[in-house]
Amino acid sequence: MQPIQIFKLASQQAEWLTVRHTVVAGNIANVNTPGYAAKDVEPFKAVMEATGTKMAATHSRHFSDSKLRDSIRSNEINGIAVHPSGNTVNLANEVSKGSGIKREYEINTSIVKTVNRMMLATVRK
Amino acid sequence: MDPLSLSSRIAASGLHAQETRLRIVSENLANAQSTGDAPGADPYRRKTVSFSSYLDNATGASRVKVQRLGLDNSDFTVNFDPSHPAANEKGMVKMPNVNPLIELADMRETNRSYEANLQTIKQTRELVSLTLGLLRNT
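All values derive from a computational prediction rather than experimental measurement.

Tallying secondary structure elements over chain A gives four helices and zero strands in all. By residue count, 25% of the 125 residues in chain A fall in the buried class.

This is how it looks when you write it as structure tokens:
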């Protein structure tokens, strides 16, 4: 039987999202701090690759998951106005990042719920 | 500590810093007309507030705190009012270097930052309730 990695992957992503949320909260709290540079965590890509779930591609037209993962990466420095005090926090960016995190977290928890329900349905006769 | 409760603590530190800032703004506004009481005495000097981020070593989170309360050393505006108790021999009275427009702009900015921090706390609560929702029987 193949090991079921979904729960492991989901909990890893949930952890990554919560850490990212902490970083965003720090950015928002420091929105008026002189000389503060906005921070972000490294993309989930590294964690994804360590877990080793890959989509199978049998045709060259199939989209590869590496492309999908690259789209998660945020470009933090590009397009951000640098304030004279050296503070690079863009409040609108941070707030939208926060709601993005919430959305991903919602997807994550509902996936876990669904998989759990599926497994229970299998176990029940 | 788990990152989500850390988020709300960071946001709370932001709220606290913004509250201090709002206090300073209201002090400045309240004292916008506070002159000295002796002839030639200095009036109220505008206060400033500066934030700094500090790294919480136990958790690695960057919280914010009020670094120091400073004084604005710009020049006082001078009005001609010979009947005023603080007027000097030429009849000039030094008025505080408080510009209400700057203070109001500062207040708006404080408001916005405070709102953003509140939003963070709200969001944290939603994330926690999503996690707790996993335990719920559906």
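When helices and strands are counted, chain B shows two helices and four strands. The helix and strand sequence of chain B, counted from the amino end, reads α-β-β-β-β-α. By residue count, 29% of the 138 residues in chain B fall in the buried class. Across chain B, every contact between residues at least 6 apart in sequence was considered, and the portion connecting residues at least 24 apart equals 62%.

Let us now look at the interface of chain A and chain B. Taken together, the contact between chain A and chain B spans 23 residues of the former and 30 residues of the latter. For the side of chain A that touches chain B, the secondary-structure elements that each account for two or more residues are helix 1 (6–29) and helix 4 (91–123) of chain A. In terms of residue count, helix 4 of chain A provides more of the side of chain A that touches chain B than any other element does, nine residues in total. Here the residues of the side of chain A that touches chain B sort into 11 nonpolar, nine polar and three charged.

The next thing to look at is the nonpolar core. Counting residues in each nonpolar core, the largest one holds 24 residues, and the members touching the most others are A:A25, A:I28, A:A29 and B:I10. When residues of this core are traced back to their parent elements, those giving at least two are helix 1 and helix 4 of chain A together with helix 1 (3–30), strand 2 (61–71) and helix 2 (100–133) of chain B. The element contributing the most residues to this core is helix 1 of chain A, with eight residues. When sequence neighbours within four positions are dropped, the list of residues in contact with A:I28 reads A:E94, B:A11, B:G14, B:A116, B:N117 and B:T120.

Looking now at the packing of helix 1 of chain B against helix 2 of chain B. All names here are of chain B. Viewed as axis vectors pointing N to C, helix 1 and helix 2 meet at an angle of 160°, and their least axial separation amounts to 9 Å. In terms of orientation, helix 1 and helix 2 fall into the roughly antiparallel class. Judged by the sense of rotation from one axis to the other, the crossing of helix 1 with helix 2 is left-handed. Looking at side-chain class alone, the contact of helix 1 with helix 2 contains 12 nonpolar, 10 polar and three charged residues.

Moving on to the environment of B:Q67. All names here are of chain B. Following the sequence through the fold, Q67 ends up in strand 2. Spatially, the C-alpha atoms of Q67 and S83 are 41 Å apart, while their sequence positions differ by 16 residues. Ignoring any residue separated from it by four or fewer positions in sequence, one finds Q67 in contact with S50, F51 and S52.

A few words now on the environment of B:A41. All names here are of chain B. In this fold, A41 is placed in the loop between helix 1 and strand 1 (47–56). Using a count of 13 C-beta atoms within 10 Å as the deciding quantity, one classes A41 as partly exposed. Along the backbone, A41 and K94 are 53 residues apart, and their C-alpha atoms lie at a distance of 7.7 Å. Contacts of A41, omitting those with residues within four sequence positions, involve G36 and A86.

On to the packing of helix 4 of chain A against helix 2 of chain B. Viewed as axis vectors pointing N to C, helix 4 of chain A and helix 2 of chain B meet at an angle of 5°, and their least axial separation amounts to 10 Å. Classed by the angle they form, the pair helix 4 of chain A and helix 2 of chain B counts as roughly parallel. Contacts between helix 4 of chain A and helix 2 of chain B involve A:L91, A:V95, A:G98, A:K102, A:Y105, A:E106 and A:T109 from the first element and B:A116, B:Q119, B:T120, B:Q123, B:E126, B:L127, B:L130, B:T131 and B:G133 from the second. Residue classes in the contact of helix 4 of chain A with helix 2 of chain B are distributed as six nonpolar, seven polar and three charged.

Moving on, we get to the confidence of the model for chain A. Low-pLDDT portions of the prediction should not be read for the details of their coordinates. Residue and element names in this part refer to chain A. Of all residues in chain A, 69% have pLDDT values of 70 or greater, and the mean over the chain is 76. The least confident element of chain A is helix 3 (residues 65–70), whose mean pLDDT is 50; the most confident is helix 4, at 90. Under a pLDDT of 50 for its full length, residues 68–78 has, in the predicted model, 10 contacts with residues more than four places off or in other chains.

Parameters and conventions
Residues numbered from 1 in each chain as written. Chains lettered and ligands numbered in written order. Predicted model: local features only at pLDDT ≥ 70, side-chain atom pairs only at ≥ 80, totals over all residues. Helix = DSSP H or I, 4+ residues; strand = E, 2+ residues; numbered from the N terminus. Buried ≥ 20, exposed ≤ 12 C-beta atoms within 10 Å, placed from the backbone. Contact = placed C-beta atoms within 7 Å. Nonpolar A, V, L, I, M, F, W, Y, C, P; charged D, E, K, R; others polar. Core = buried A, V, L, I, M, F, W, Y, C linked by C-beta atoms within 7 Å. Axes fitted to C-alpha atoms, helices over the stretch in contact; angles between N-to-C directions. Parallel < 35°, antiparallel > 145°, perpendicular 65-115°, else oblique. Left-handed = near helix turned anticlockwise from the far one by under 90°. pLDDT = per-residue confidence, 0-100.

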